[in-house]
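Given next are the chains, with one letter for each unit.
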Amino acid sequence: MTMTEQVPGANGNRTGAGAAPRFLEPESFSVVAASPDSALAGIESVVCVPTFRRPDLLEATLRSLAAQRGGHDFAIIVVENEGEERAGALRAASLLQAGLFTGLVIVEPRQGNCKAYNAAWRCALTRFPALRQVLGIDDDETAEPLWLDAFLKAVTKAPAQLFGGSVTPDFEDASRAWLAAHPVFRSHYAVSGPVPMLYSSANYLIRREVLERLGFPFLDESFDFTGGGDTDFFTRAKAAGFGFGWVQEAAQRETMPARRSEFSWIQARALRNGAISAAIERRSRPGLAGRLRVLAKSLALLAASGPRGIRLGLKTGSGLIGLYHAQVAIGRLLSEIGVRNEQYRKPEKN
């Protein structure tokens, strides 16, 4: 925990209510392009866009944000996570200078999914004095025109502090569109309203008070290359007493390259999902007794994966999809012996 002005909170410390957070550690990121401070001063909503070697897709993302309807003022923080060529930062900076969006372009040279998010959220807290919420979209996604409007309307009505929205896959290989029914591509919920928890940072709105309460670094960087830092963050937010909501109308579309429709990629993602779930459960149940409980659950899931897989396969008409529950259980068990599927180690292949 590196924020100062400490007040007891769920994860140890937080900043004082309404205070601009200060940090003991120097910033790891650099600002390479920015709108004037006067343009940022009254902004309450900031959309964070991490990017890595996908400048064309990033531009499509930014243009979808620029086309938002509803009349809301917002800014964008683009986080380049590739510290050498910086193709995304160069593209985003040129679009900012051309007036496509208001905000900042920053470079976090330390590669890692969680490092990029930590940089973006820290930047939002320290550069936007009126900040009320951060939102997120990935650089392979585009936002529907009323995406932001749907989220901001939900915030005024729902007694929650963290919100998720739907993501629909667009498969490059159209013949594989049936894979949209697979759990690795499907959103966790389909109906707007209160939900027990969120699991993905693919499409989110998080109120400022959540970041202040949980403290910096917001995401645990040990999850950088395995994924799961977002699920761990949401788990801690739930433990701290924050509420969750789902906004189906806050919709995004995600580009799915052909490699993501291959069996090897889908299996790796399913195994990874299992490993992440077990790792997070072990954190919440430390000690031998807790570890044995997690192991027992993994074995029970493996035993149940046969009938569950048959039901899923029959429901979707796909034996490949039906394998998912067994793959998750196996991923959990592999994590018990230290097998880590670092699917994000080479993001350009993810």
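Conventions and cut-offs
- Residues numbered from 1 in each chain as written.
- Predicted model: local features only at pLDDT ≥ 70, side-chain atom pairs only at ≥ 80, totals over all residues.
- Heavy atoms only, no water.
- Helix = DSSP H or I, 4+ residues; strand = E, 2+ residues; numbered from the N terminus.
- Rg over C-alpha atoms; globule rule 2.2 N^0.38 Å.
- Buried < 20%, exposed > 50% of the residue type's maximum accessible area, 1.4 Å probe, protein only.
- Patch = residues over 30% accessible without salt bridge, like charges linked within 9 Å, V, L, I, M, F, W, Y side chains within 5 Å.
- Areas by Shrake-Rupley, 256 points an atom, 1.4 Å probe, with all protein chains shown as cover.
- Salt bridge = Lys/Arg side-chain N within 4 Å of Asp/Glu carboxyl O.
- Phe/Tyr/Trp six-rings, centres within 6.5 Å; stacked < 30°, edge-to-face > 60°.
- Core = buried A, V, L, I, M, F, W, Y, C linked by side-chain atoms within 4.5 Å.
- Contact = heavy atoms within 4.5 Å.
- Bend = angle between axes of the 7 residues up to and from the residue.
- Polar contact = N/O pair within 3.5 Å; in protein donor to acceptor, adjacent residues only side chain to side chain.

Visitor: It is not clear to me how the overall build of the protein chain should be interpreted in this structure. Could you clarify?
Guide: Tallying secondary structure elements over the protein chain gives 11 helices and 12 strands in all. Here the protein chain has a C-alpha radius of gyration of 20 Å; the compact-globule value for 350 residues is 20 Å, and the two agree. Seen through its principal axes, the protein chain has C-alpha atoms that stretch 60 × 50 × 45 Å. Relative to its 350 residues, the protein chain shows a buried fraction of 52%.

Visitor: Could you clarify how one ought to interpret a nonpolar patch on the surface in this entry?
Guide: There is a patch of nonpolar side chains on the surface, built from L302, I330, L334, I337 and V339 and spanning about 400 Å² of accessible area. Structurally, L334 can be placed in helix 11 (residues 324-336). Residue L334 is classed as partly exposed on the basis of its relative accessible area, which comes to 30%.

Visitor: How should I be thinking about the packing of aromatic side chains in this particular structure?
Guide: Aromatic rings in a pair are described by how distant their centres are and how their planes are angled relative to each other. Under the definition given, this model contains 13 aromatic pairs. Here the aromatic rings of Y117 and W121 are separated by 5.8 Å at their centres, their planes lie at 50°, and the arrangement is tilted. Residue Y117 and its partner W121 are located together in helix 4 (residues 113-127), separated by 4 residues, close to a single helical turn. W121 sits in the buried class, given a relative accessible area of 2%. Ring geometry for W121 against Y204: centres 5.8 Å apart, planes inclined by 80°, an arrangement best described as edge-to-face.

Visitor: Can you walk me through the pattern of salt bridges in this structure?
Guide: Side-chain pairs of opposite charge can arise where the charged atoms are in close proximity. Under the defined criterion, the tally for this structure stands at 25 salt bridges. With a closest N to O distance of 2.4 Å, R127 and E27 form a salt bridge. One end of the pair, R127, is in helix 4; the other, E27, is in the loop between strand 2 (12-14) and strand 3 (30-34), with 100 residues separating them in the sequence. Taking the relative accessible area as the measure of exposure, E27 reaches 35% and is therefore partly exposed. A salt bridge links D56 to R91; the shortest N-O distance between them is 3.0 Å. Within this pair, whereas D56 is found in helix 2 (residues 55-66), its partner R91 is found in helix 3 (residues 87-97), the two being separated by 35 residues in sequence. With a relative accessible area of 24%, R91 lands in the partly exposed category. When salt bridges with common partners are traced through the structure, they connect R54, D139, D140, E254 and R260 into a single cluster.

Visitor: I tried to follow the nonpolar core on my own but got confused; where do I start?
Guide: Buried together is how nonpolar side chains tend to be arranged in soluble globular proteins. Counting 46 residues, the largest nonpolar core has I77, W121, F128, V134, L162, I206 and F233 as its most contacted members. Looking at which element gives the most residues to this core, the answer is helix 4, with 9 residues. Discounting residues that sit within four places of it in the chain, F128 has contacts with L40, I43, V46, A75, I77, L104, C123 and R208. Ranked by size, the runner-up nonpolar core spans 32 residues in total, among them A33, A92, L96 and L152.

Visitor: Can you walk me through helix 9 (residues 287-316) in this structure?
Guide: Structural remark: α-helix, 3.6 residues per turn; residues separated by three or four positions point the same way. Of all the bends in helix 9, the greatest, near 45°, is centred on S305, and the proline P307 appears no more than four residues after it. Residues of helix 9 that are buried: G290, V294, S298, S305, G309, L312 and G313. On its buried face, helix 9 sits against helix 8 (263-284), helix 10 (319-322) and helix 11. One or two residues past the end of helix 9 sits G317, with phi positive at roughly 70°.

Visitor: Explain the environment of Y189 to me, please; I cannot follow it from the model alone.
Guide: Looking at the element boundaries, Y189 is found in the loop between strand 9 (162-171) and strand 10 (193-195). With 51 residues separating them in the primary sequence, Y189 and A240 have C-alpha atoms 22 Å apart. Excluding residues that lie within four positions of it along the chain, Y189 makes contacts with V195, P196, M197, L198, Y199, W246 and Q248. At 2.6 Å, the side chain of Y189 forms a polar contact with the backbone oxygen of M197.

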